[in-house]
Amino acid sequence: MPFPLPNEQELLDSIPAGLLINGQWRPSGSGSTFDVEDPSTGKVLKSIADATPEDARAAMDAAAAAQDAWARTAPRERGELLRAAFAEVTRRADDFALAMTLEMGKPFAEARGEVTYGAEFLRWFSEEAVRIGGRYSVAPDGKSRLLVTKKPVGPCLLITPWNFPLAMATRKIAPAIAAGCTMVLKPAKLTPLTSLLFAQVLQEVGLPAGVLNVIQSTDAGGVTKPVLMDSRLRKVSFTGSTGVGQQLLVDASQNVLRTSMELGGNAPFVVFEDADLDAAVTGAMQAKLRNMGEACTAANRFIVHKSLATDFAAKLAEKMGQLRLGRGTEAQTDIGPLVDAKSRTKISELVEEAVAAGATVLTGGRALDGPGYFYQPTVLTDVPAGANLLKEELFGPVAPVVTFSTEDEAVALANDTEYGLVAYVYTRDLNRGIRIGERLETGMLGLNAGVISNAAAPFGGVKQSGLGREGGSEGIEEYLYTQYIGIADPHAE
C-alpha cells in the first residue's frame, strides 16, 4: 500500500465544487451549497454546490441537446474515450482511493480495490461499444427482408448510492457512453466528491459537453422529479433502497421509461456440514466486511449446519475481534466508520433488540464513542427467528449466526426474505452446490466464494432486489432498444 498518501487538502482543492451542466462547472442557481463530511472525524471536507430543480432542468436540456450528435458518434470513438478514461483513472488510482476514503470512510487499501473494480467497467464497456450487433434475414415467406438494429435509448437519469462512489458511477456511465446515450447523474449527497472527480476526468479525456451532466443535491426528490417528468428522458437507472426504487418505478411509469433498479439485499451465507470450515470463515469475512458491511451484496444472515455452527461462530468471532478500527487513511486500519450517525444508530438498535430477545454476543456489540461513526465488528449467536436483525438489510459489520439441519431447511431459511440479490453457499459437494443454487431465489450466487462482483458478469437481483442487470454483455443492452426495419423483396418486379 502506498504510504504516505496524496496530500488531502491538495486533492480536495482539485475536485470541482460546482455542478457540471453542458460542459461547464457552475454554481447552484440559488447559490446554495452543502458540506461533505468525513465520517471518521465528523469534520467538513468541502462545501459544494447544491442543485435546485431549475438546475436539474438545465441539465436535462443539455443532455437532450447533445443526444443526437452523441448517438451518431462512431462506436470506436466512444470505446476509445472509455479506454482513455480507464487509463486515467488507473493512473490516478491513489487520488480516487483517497477521495473515497475521506468522504465514505473505507480503509485506503479497500478503496484502492474499488478503483480497480470501478475502472474495469470503463475497460469492459470500451470493448462492448464496438460489439453492438443486429441481424439481417430473409422473411419466412421469402417476400421481404428483416433488418434488426440496436439503437441508444436516449437521455438517461443515473442515480448512484453513497457506498461505492466510483464503481456505482462507472457501472452506469460506462455502458451509457458505450451505447451512445447522454446522461444526467445525481450522486448521493453523502459521497459526491468521487463522482465530481470522475466527471472531471471524463472531461479531460474528451467527453463532449452535455453528454454527462452532474447535479449533486441535498434535495434528491426535488432535482430528480423534473428530470423524471421530462418527456425527453428515456431511461432511469437507480442503485439504492427498495423503498426509493419503488417510488421511482411509480414516477417512471408516467412516461413509460426504461428502468434499471439495483435495490436492497439480505444475502444468506449458507455453510453445509461438508464445507471447508477455514475457507468458509475466510469467505464470510470477505462477504460480510467489504465496505464495513455497507454493501447490498454483504452477507447478512449466516445459516450454518448445526454440526459446524459453534466452531464457525467462534472462528469468525476471533477474526472479527482482531480487526482494528480507525480512520481509513491510517496504515493499520482494518475497518473504517459507518457513513453517518443514522446508520450507526440503526445497527445499534437492531443488535440491542436481538440481544434483549435472547441473542448472545460473541464479540463486539456496541458503538464506539466519537469522533466518527464507528461500530465494533460483531458476531451474534442464538438469534431468535423473528428478530428484525434477520429481516432487514443490515449495512453494518454485524454477523448473526443461525443453524439448520437439512437441505430443505437451509433453502427455506435462505429464501425467507423479500430480497433476492445474492447468496453464498459453501460445500465441497459440487452437485449439492448446483442443486442448492437452482433452488435459491437469487440473481447471483457465490459458490465457495465470498466476493463475486465482476465487470464481465451480470450484476442484479430478483424479487424486491430489483430489475435489470449491470455489467457483462447484458449491461449495455439496458441502454439500447431494438428497431426492426422491414425491407421489400429486392427480387420483386
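Q: Honestly, the overall build of the chain in this entry has me stumped. Any pointers?
A: A count of helical and extended segments in the chain gives 15 helices and 22 strands. Along the first, second and third principal axes, the C-alpha set of the chain runs to 80 × 60 × 40 Å. Residues counted as buried form 57% of the 493 residues belonging to the chain. By sequence separation, contacts in the chain at least 24 residues apart represent 74% of the contacts at least 6 residues apart.

Q: Mind showing me how you'd approach helix H9 (residues 242-253) here?
A: Think of an α-helix as turning once every 3.6 residues; residues three or four places apart then point the same way. Over its 12 residues, H9 extends 16 Å from the first C-alpha to the last, a length consistent with the 16 Å expected when each residue adds 1.5 Å. For H9, the full list of buried residues reads Thr242, Gly245, Leu248, Asp251 and Ala252. Residues of H9 that are buried in the fold lie against strand E7 (156-159), helix H8 (220-228), strand E10 (235-239), strand E11 (258-262) and strand E17 (419-420).

Q: Explanation requested: the pattern of salt bridges in the structure shown.
A: Think of it this way: side chains of opposite charge can pair up when their charged atoms draw near. By the definition in use, this model includes 30 salt bridges. With its nearest N and O atoms 2.6 Å apart, the salt bridge here joins Asp61 to Arg232. With Asp61 in helix H2 (residues 53-71) and Arg232 in the loop between H8 and E10, the pair connects residues that are 171 residues apart, well separated along the chain. Overall, Arg232 belongs to the partly exposed group, its relative accessible area being 33%. Each of Glu273, Asp274, Glu407, Arg432 and Arg435 takes part in salt bridges that share partners, so that together they form one network.

Q: Please explain the sheet that holds strand E14 (residues 360-363) as it appears in this structure.
A: What holds strands together in a sheet is hydrogen bonding between their backbones, with the strands either parallel or antiparallel. Reading across from one edge, E14-E15-E16-E13-E12-E18-E19 is the order of the 7 strands in this open sheet, with mixed pairing throughout. Since the sheet does not close on itself, it has two edges, and those belong to E14 and strand E19 (444-447), each with one partner. Within the sheet, the average angular offset between the axes of one strand and its neighbour, ignoring direction, is 25 degrees. Two elements, strand E12 (residues 267-271) and strand E13 (residues 299-305), share 5 bridges in a ladder whose sense is parallel. Paired with Ala267 across the two strands is Ala299, which belongs to E13.

Definitions and cut-offs
- Think of each chain on its own: its residues are numbered from 1, step by step along the sequence as written.
- Only residues with pLDDT of 70 or above have their local features reported here, since the model is predicted, and side-chain atom pairs are shown and tallied only from 80 upward, although totals for entire chains, interfaces and linings are computed over all residues.
- Side-chain descriptors were evaluated using all non-hydrogen atoms of the structure, hydrogens and water having been removed beforehand.
- Each helix corresponds to a stretch of at least 4 residues labelled H or I by DSSP, and each strand to a stretch of at least 2 residues labelled E; elements are numbered beginning at the N terminus.
- Residue burial is assigned from relative accessible area. The probe radius is 1.4 Å, only protein chains are included, and a residue is buried under 20% of its type maximum, exposed over 50%, and partly exposed in between.
- Contacts: residue pairs with any heavy atoms within 4.5 Å of one another.
- By this rule, a helix spans an expected 1.5 Å times one less than how many residues it contains.
- Salt bridges are identified by distance alone: a Lys or Arg side-chain nitrogen within 4 Å of an Asp or Glu carboxyl oxygen.
- By the convention used here, strands pair only if DSSP detects at least 2 bridges between them.
- Helix axes are fitted to C-alpha atoms over the stretch in contact, other axes to C-alpha atoms as well, and angles between N-to-C directions run from 0 to 180 degrees.

Everything listed is a geometric property; what it means functionally is a separate question.
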